[in-house]
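The chain contents come next:
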Amino acid sequence: MGWHNVSVSMQNIYDDEVFFAGYQAMRDARSGINEAVKQPAFLALLPPLDDAVVVDLGCGDGQLCRVLVDKGAKSVLGVDHSARMFALAEKRTVDDRVRYLKSFAEQVTLPASSVDLVTSSLALHYVADLPPLLERLATWLRPGGWFVASMEHPVVTAAPELGSHPCIVDNYASEGERDTTWYVEGVVKYHRRISTIINGVIDAGLAIRRVIEPTPTTESLVQRPNLDHYGRLPAVLILAATKPLPR
Ligand SMILES: C[S@@+](CC[C@H](N)C(=O)[O-])C[C@H]1O[C@@H](n2cnc3c(N)ncnc32)[C@H](O)[C@@H]1O
C-alpha cells in the first residue's frame, strides 16, 4: 500500500461502540434508505459483471461485495478502514471471490488498469479530499471500466443543523466539513456541491454516463409511508462514469 502524499479523513466513527451498534442495528433491520431508496437505483446502474474485477470502497459489512459476486463478478476487494466493519464483513462473507482490506480508501494502491469496476456505496461523503481519490481510482480502471458511486445527497449534507429530514436547504454553497449528530455527536461528513462532485469525476479523466437522485419506490412507500419526505428532497446522489477507451 502507498502511504505517502495522501490526504486521509482521520475520522473513524464506525469504530465508536455506540455509533456502530446504532448504525448496524438500523442496517440489519433494513429500516434506513439503503433497501428502499438507494439499492435498486444503484444496482440498475452497474455494467455487466461477468468475470469483472471489482473494488468496493467503504464496503461496510460487505453486503454489496456479496451481491456483486452473486451477480457474476470474478473478484471483489472490499476496502474499509473500520476494524469493526472489517471484522463483520469477514464474518458475514464465506466466498473466496471476496477479499477485504482494512484501509482508508485514500491509502489504497493498485496496479494501473487492473480493475473493471470501482463501486462505493454511501461512503464518499466521509472523504475530506475527494479529487485525489477520484484521480487514484481512475488509474486503477482499465479503459472502458466503470465507476459507480452513491453518496449522501448534497441537499442533505448542506445543513445538518436543520434535522435529519429537512425539506428545505441552507448553506448549500458553503462547502466543507459538517459536524453532525447521528447516533452520537461528532460524526463528521463533508458537504460538496453537485457541480464539485461531478467536475471532480470529469477532472479525474472519467466520462459521466448517468446521474440519479432516487426517490422511494411506490412499493416501498406502501410498506414504509414514513419515507415520504425522501420523495420531496432526495437523500442520495448516485453517479456512473466510465474510463474512456483510447482513440
Ligand atoms: C454508511 S456506511 C456504508 C457501508 C456500505 N458501503 C453499504 O452501503 O452498506 C459507510 C462506510 O464507509 C466507511 N468509510 C468511511 N470513510 C472511509 C474511508 N475514507 N476509507 C474507507 N472506508 C471509509 C465506514 O467505515 C463505513 O463502513
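Scroll up to find the structure.
The structure reproduced in this document is the subject of the present report. (Residues numbered from 1 in each chain as written. Predicted model: local features only at pLDDT ≥ 70, side-chain atom pairs only at ≥ 80, totals over all residues.)

Points about the overall build of the protein
So, step 1. Helix and strand counts for the protein stand at 8 helices and 9 strands.
So, step 2. By the compact-globule yardstick of 18 Å for 247 residues, the protein fits well, its C-alpha radius of gyration being 17 Å.
So, step 3. With respect to the principal axes defined by its C-alpha atoms, the protein has extents near 45 × 40 × 40 Å.
So, step 4. Residues classed as buried in the protein amount to 38% of the 247 residues present.
So, step 5. Of the contacts made within the protein by residues no fewer than 6 positions apart, 68% connect residues no fewer than 24 positions apart. (Helix = DSSP H or I, 4+ residues; strand = E, 2+ residues; numbered from the N terminus. Rg over C-alpha atoms; globule rule 2.2 N^0.38 Å. Buried ≥ 20, exposed ≤ 12 C-beta atoms within 10 Å, placed from the backbone. Contact = placed C-beta atoms within 7 Å.)

Here's the deal with the nonpolar core
So, step 1. Of all hydrophobic cores here, the largest spans 60 residues; its most connected members are Val55, Val118 and Phe147.
So, step 2. Leaving out residues up to four positions away in the same chain, Phe147 has contacts with Val118, Leu137, Leu141, Leu206 and Ala241. (Core = buried A, V, L, I, M, F, W, Y, C linked by C-beta atoms within 7 Å.)

Re the site of the ligand
So, step 1. Neighbouring the ligand are 20 residues; Gly58, Gly60, Ser121, Ala123 and Tyr126 lie closest to it.
So, step 2. Looking at the shell around the ligand, its residues break down into 11 nonpolar, 7 polar and 2 charged. (Near = placed C-beta within 6 Å. Nonpolar A, V, L, I, M, F, W, Y, C, P; charged D, E, K, R; others polar.)

Quick word on the sheet that holds strand 9 (residues 236-242)
So, step 1. Read from one edge to the other, the open sheet built from 7 strands follows the order 3-2-1-4-5-9-8, with strand pairing classed as mixed. The two strands at the open ends of the sheet, each matched to only one other strand, are strand 3 (98-102) and strand 8 (207-212). Strand after strand, the sheet turns through a mean of 15 degrees between neighbouring axes, direction not considered.
So, step 2. Pairing of strand 4 (residues 115-121) with strand 5 (residues 141-152) involves 6 bridges; the strand directions are parallel. Within strand 5, the position partnered with Ser121 by the bridge is Ser150.
So, step 3. This element, helix 4 (residues 83-92), spans strand 2 (75-80) and strand 3 of the sheet and lies at about 165 degrees to strand 3. (Pairing = 2+ DSSP bridges. Axes fitted to C-alpha atoms, helices over the stretch in contact; angles between N-to-C directions.)

Some remarks on the environment of Asp95
So, step 1. In this structure, Asp95 sits in the loop between helix 4 and strand 3.
So, step 2. By the C-beta count within 10 Å, which is 13 here, Asp95 ends up partly exposed.
So, step 3. When near neighbours in sequence (up to four residues on either side) are disregarded, Asp95 contacts Arg66 and Val69.

What to know about unusual backbone geometry
A negative phi angle characterises most non-glycine residues, just as the trans form characterises most peptide bonds.
So, step 1. For Leu122, which is not glycine, the phi torsion reads 55 degrees and is therefore positive.
So, step 2. Positionally, Leu122 belongs in the loop between strand 4 and helix 5 (130-140).
So, step 3. We note that Asn171 has phi near 55 degrees; this positive angle belongs to a residue other than glycine.
So, step 4. Along the chain, Asn171 falls in the loop between helix 6 (154-157) and strand 6 (176-182).

Some thoughts on the pairing of strand 3
So, step 1. Relative to strand 3, strand 2 is paired through 5 bridges, and the arrangement is parallel. Looking across to strand 3, one finds that Asp80 is bridged to Lys102.

Some words on the packing of helix 5 against helix 7 (residues 194-203)
So, step 1. Taken N-terminus to C-terminus, the directions of helix 5 and helix 7 make an angle of 35 degrees; their axes are 9 Å apart at the nearest point. Crossing hand, helix 5 versus helix 7: right-handed. Taking contact as the criterion, the partners of Leu130, Pro131 and Leu134 in helix 5 are, on helix 7, Gly200, Val201 and Asp203.
So, step 2. Counted by class, the contact of helix 5 with helix 7 contains 4 nonpolar, 1 polar and 1 charged residues. (Left-handed = near helix turned anticlockwise from the far one by under 90°.)

Section: helix 1 (residues 17-28)
So, step 1. With 12 residues, helix 1 extends 16 Å from end C-alpha to end C-alpha; this agrees with the ideal 16 Å at 1.5 Å per step.
So, step 2. Arg30 lies just past helix 1 and shows a positive phi near 55 degrees. (Expected span 1.5 Å × (residues − 1).)

Some points on the environment of Lys102
So, step 1. Relative to the helices and strands, Lys102 resides in strand 3.
So, step 2. Since 15 C-beta atoms lie within 10 Å of it, Lys102 is described here as partly exposed.
So, step 3. Through-space distance from the C-alpha of Lys102 to that of Glu152 is 23 Å; in sequence the pair is 50 residues apart.

Here's the deal with the environment of Leu88
So, step 1. Note that Leu88 resides in helix 4.
So, step 2. Residue classification places Leu88 among the partly exposed residues on the basis of 19 C-beta atoms within 10 Å.
So, step 3. Each C-alpha atom, one on Leu88 and one on Arg178, is 27 Å from the other, the two residues being 90 residues apart in sequence.

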